[in-house]
Amino acid sequence: MKKVSFIFLALFSLLFIFSCQSPLDNSTNYSLDNGPEKAIFNVPADRLNTTSKDAYEEDDSLTYAKTISANSTQEHNFYDDAYDYLKFSATNGVTYTIETVVYGYADTVLYLLDGSTVIKSNDDKGDGTYGSKITWTATSTKTYYIRVYSYNGRKGTNRGYTISLTAGSSGGGITLPQPKKSWTILVYLDADNNLSSYGDYDINEMKSVGSDNNINIVVLWDNAGSVHGYYYIQTTGAVLLKDVGEVNMGSETTAKNFIDYAVANFPADHYMWVFWNHGGAVDRSLPTTRGVCWDDTNSGDHLTEVEQKNIISYLNSKTGKTLDVLAYDACLMACAELVYQFRGLALYMAFSEQTIPGYGYDYKFISYIKNNPSTTAYYAAKAIFDYYKATYSTTSDVTFSVVNMSYATNLGTAINNFATAAKNSGISGTTFKNLKPANNFSGYTWDLYVYMSNIYNSSSITSTTVKNYAKALMDLINPANAQLVVLEWHGSTWTNKAYGVSITLKSDTSIYQQLDICKDTQWNEFLTFAGF
């Protein structure tokens, strides 16, 4: 998908959508370290060149218009002027879509010209961003021009955009079903909220890689505007396969319908599934939203942990195999409850204990799979990890981990052993509560390794049995042992404070009890015993 509070996000979203001028431009001291996250506000630096002239300068008049080919994307900026001109060859009767995606505090206005005559224009495309979009059917076979204007004539650093020119109608000539390939990457991209613009960015990154004879990139993309359908991602563009209308991304049925379509038309030896949206660890009460994939158009409905498990179980039933990689491009989802929830349903999980910045994953990680189609689940997950680490290498308040799901059942057993021993130890519950780590992940969860370490090293814990079970959990989680957590990285904020898997240390609730870890272990009873 990222919250300071729901009220604040709602107000921010309204301001973002209904103001023509980018709110990022309101202060000369604005920092790109501020902005919506996949749980709180913290946007990383721009990924385009926005600090010097782009490669297409000079292009500030019709005379110097640069050529853009159909089904291609270019990167531009308004560093030195507020106008860019492009030209393209159109064919009579063909429908063309011209679209910009803005970066930094750019705000584009698009004009389509026949010579110097404006045929069509668009300011904001209505998806909650400051990009623009024109769809138009050519009436002649000739050269037409595009003018991209920076709103109010603003220019300078941090004003970048991409522009794409797509030709043709829905389907894009994609043969369905596709022949069986090595990998199909399925992205459940729920951008129908204040993350809409970040969905555009990530689609652009996917397009930079594109599907080929060995991999499919298939996206269910729902944004805050008019985008809602199944898309096949190619280097030439995001091809609309099926417009599904406004869908509720917080509904299990929506995900299952996507699975039916994708598995039938894009068979593969290996599958990756990405949940893209806001994340909030696990549900504890209703209507308070945790879980993942919140859909603003549908009253903030979201996918609960039970629904998430049902979705992946359904995917496996359709493919006839265990999902290779389950990834969360959403905040706070690297928690023990989810690891246990998905035992037996995935080979590896990739996610973050802490919040994920707004730009989320660098989807160029798919290039590793494209270049190595015979790769295993581990290395596919590692590609997500490596690109994430490289993208946020200078960011302090970030974490990321990959877990080997063959140890998920062991995790449940180890948690149960510890919880049972603690309850029967004769040590007061308050003692265990007081050993809760000082640091937490946005108030949602606490690192499980650190909690067990506090218990193991505390003189207040007089039971050798409890300490042994705490140490067993530590050994299972410790990334150095490469058992459950096989890859872990964190920024400087989390040195010696994050080890890859978190857990809830709050009072038990009837909603929380629906989780498998509560049904199968004494963990929720321990929370009550300790007085959390």
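Our subject is the structure listed above.
Computed from a prediction, not measured in an experiment: that's the story for all the values here.

Student: Describe in detail the packing of aromatic side chains, supporting the description with residues and values.
Tutor: Under the definition given, this model contains 42 aromatic pairs. Between Phe275 and Tyr328, the ring centres sit 5.2 Å apart and the planes meet at 25°, which makes this aromatic pair stacked. Within this pair, whereas Phe275 is found in strand 14 (residues 268-276), its partner Tyr328 is found in strand 17 (residues 323-329), the two being separated by 53 residues in sequence. The pair Phe275 / Tyr328 is uniform in exposure class, with both members buried. The rings of Tyr188, Tyr230, Phe258, Tyr261, Trp273, Phe275 and Tyr328 are connected pair by pair, giving a single aromatic cluster. The ring of Tyr144 has Lys142 lying over it, and the distance from NZ or CZ to the ring centre is 5.6 Å. The side chain of Arg343 reaches across the aromatic face of Tyr340, ending 4.1 Å from its centre.

Student: Account for unusual backbone geometry, naming residues and giving values.
Tutor: Following Glu57, the chain continues to Glu58 via a peptide bond in cis, the omega torsion being 0°. Looking at the element boundaries, Glu58 is found in the loop between helix 1 (6-18) and strand 1 (66-67). For the peptide bond that leads from Leu176 to Pro177, omega is -5°, which places it in the cis range. The residue Pro177 is located in the loop between strand 9 (159-167) and strand 10 (181-191) in this model. Even without being a glycine, Asn152 presents a positive backbone phi close to 65°. When you line up the elements, Asn152 lands in the loop between strand 8 (142-150) and strand 9. Taking the relative accessible area as the measure of exposure, Asn152 reaches 48% and is therefore partly exposed. Positive phi values are uncommon outside glycine, yet Ala482 reaches one of about 50°.

Student: Report on the pairing of strand 11 (residues 215-223), specifying residues and quantitative values.
Tutor: Counted residue by residue, strand 11 has nine buried out of nine residues, so it is predominantly covered. Note that strand 10 and strand 11 share nine bridges and pair parallel. Across the sheet, the residue bridging to Asp190 is Asp222, located in strand 11. Relative to strand 12 (residues 228-234), strand 11 is paired through five bridges, and the arrangement is antiparallel. Residue pairing for strand 12: Leu220 is matched across the bridge by Tyr230. Linking two consecutive strands that pair antiparallel, namely strand 11 and strand 12, is a turn of four residues.

Student: Can you lay out the pairing of strand 18 (residues 346-351) for me, pointing to particular residues and giving the numbers?
Tutor: Successive side chains on a regular strand alternate, one facing one side of the sheet and the next facing the other. Most of strand 18 is tucked away, with five of its six residues classed as buried. Inspection of the sheet shows strand 17 paired to strand 18 by four bridges, in the parallel sense. Each residue of the ladder has a partner; that of Ala327, found in strand 18, is Ala350. With respect to chirality, the unit in which strand 17 leads through helix 5 (residues 336-341) into the neighbouring parallel strand 18 is right-handed. Looking at chain direction, strand 18 and strand 19 (residues 399-404) are connected through four bridges and run antiparallel.

Student: Hey, could you go over the packing of helix 8 (residues 408-423) against helix 11 (residues 464-477) for me, with residue numbers and the actual values?
Tutor: It is at 9 Å that the axes of helix 8 and helix 11 come closest, and there the two elements cross at 160°. Our classification of the angle between helix 8 and helix 11 gives roughly antiparallel. The interaxial crossing formed by helix 8 with helix 11 has left-handed handedness. Here Asn410, Leu411, Ala414, Ile415, Asn417, Phe418, Ala421 and Ala422 of helix 8 lie close against helix 11, whose contacting residues are Thr465, Val466, Tyr469, Ala470, Leu473 and Leu476. Taken together, the residues of the contact of helix 8 with helix 11 sort by class into 11 nonpolar, three polar and no charged.

Student: Report on the pattern of salt bridges, specifying residues and quantitative values.
Tutor: Taken as a whole and judged by the stated rule, the model has 13 salt bridges. Two residues, Lys471 and Asp475, come together in a salt bridge whose shortest N-O distance is 2.8 Å. Of the two residues, Lys471 and Asp475 are both situated in helix 11; the distance of four residues between them amounts to about one turn of the helix. With a relative accessible area of 28%, Lys471 lands in the partly exposed category. If you follow the salt bridges from partner to partner, you end up with Lys309, Arg343, Asp516 and Asp520 in one network.

Student: I'd like a rundown of the side chain of Asp192, residues and numbers included.
Tutor: Take Asp192: it is sitting in the loop between strand 10 and helix 2 (196-209). The exposure class of Asp192 is buried, given its relative accessible area of 3%. With residues near it in sequence (within four places) discarded, Asp192 still touches Asp222, Asn223, Ala224, Glu246, Trp294, Asp295, Asp296 and Thr297.

Student: Break down the sheet that holds strand 10 for me, with residues and values.
Tutor: Read across the sheet, nine strands follow the order 13-12-11-10-14-17-18-19-21 without closing on themselves; strand pairing throughout is mixed. Of all the strands in the sheet, the pair left with one neighbour each is strand 13 (237-243) and strand 21 (485-490). Across the sheet, the mean angle from the axis of one strand to that of its neighbour is 15°, orientation sign disregarded. Packing against the sheet, helix 3 (residues 252-265) makes contact with strand 10, strand 11, strand 12, strand 13 and strand 14, and its axis sits at approximately 155° to strand 10.

What counts as what
- Residues numbered from 1 in each chain as written.
- Predicted model: local features only at pLDDT ≥ 70, side-chain atom pairs only at ≥ 80, totals over all residues.
- Heavy atoms only, no water.
- Phe/Tyr/Trp six-rings, centres within 6.5 Å; stacked < 30°, edge-to-face > 60°.
- Helix = DSSP H or I, 4+ residues; strand = E, 2+ residues; numbered from the N terminus.
- Buried < 20%, exposed > 50% of the residue type's maximum accessible area, 1.4 Å probe, protein only.
- Lys NZ or Arg CZ within 6 Å of the ring centre and 35° of its normal.
- Pairing = 2+ DSSP bridges.
- Right-handed = clockwise from strand over helix to strand, strands pointing away.
- Axes fitted to C-alpha atoms, helices over the stretch in contact; angles between N-to-C directions.
- Parallel < 35°, antiparallel > 145°, perpendicular 65-115°, else oblique.
- Left-handed = near helix turned anticlockwise from the far one by under 90°.
- Contact = heavy atoms within 4.5 Å.
- Nonpolar A, V, L, I, M, F, W, Y, C, P; charged D, E, K, R; others polar.
- Salt bridge = Lys/Arg side-chain N within 4 Å of Asp/Glu carboxyl O.

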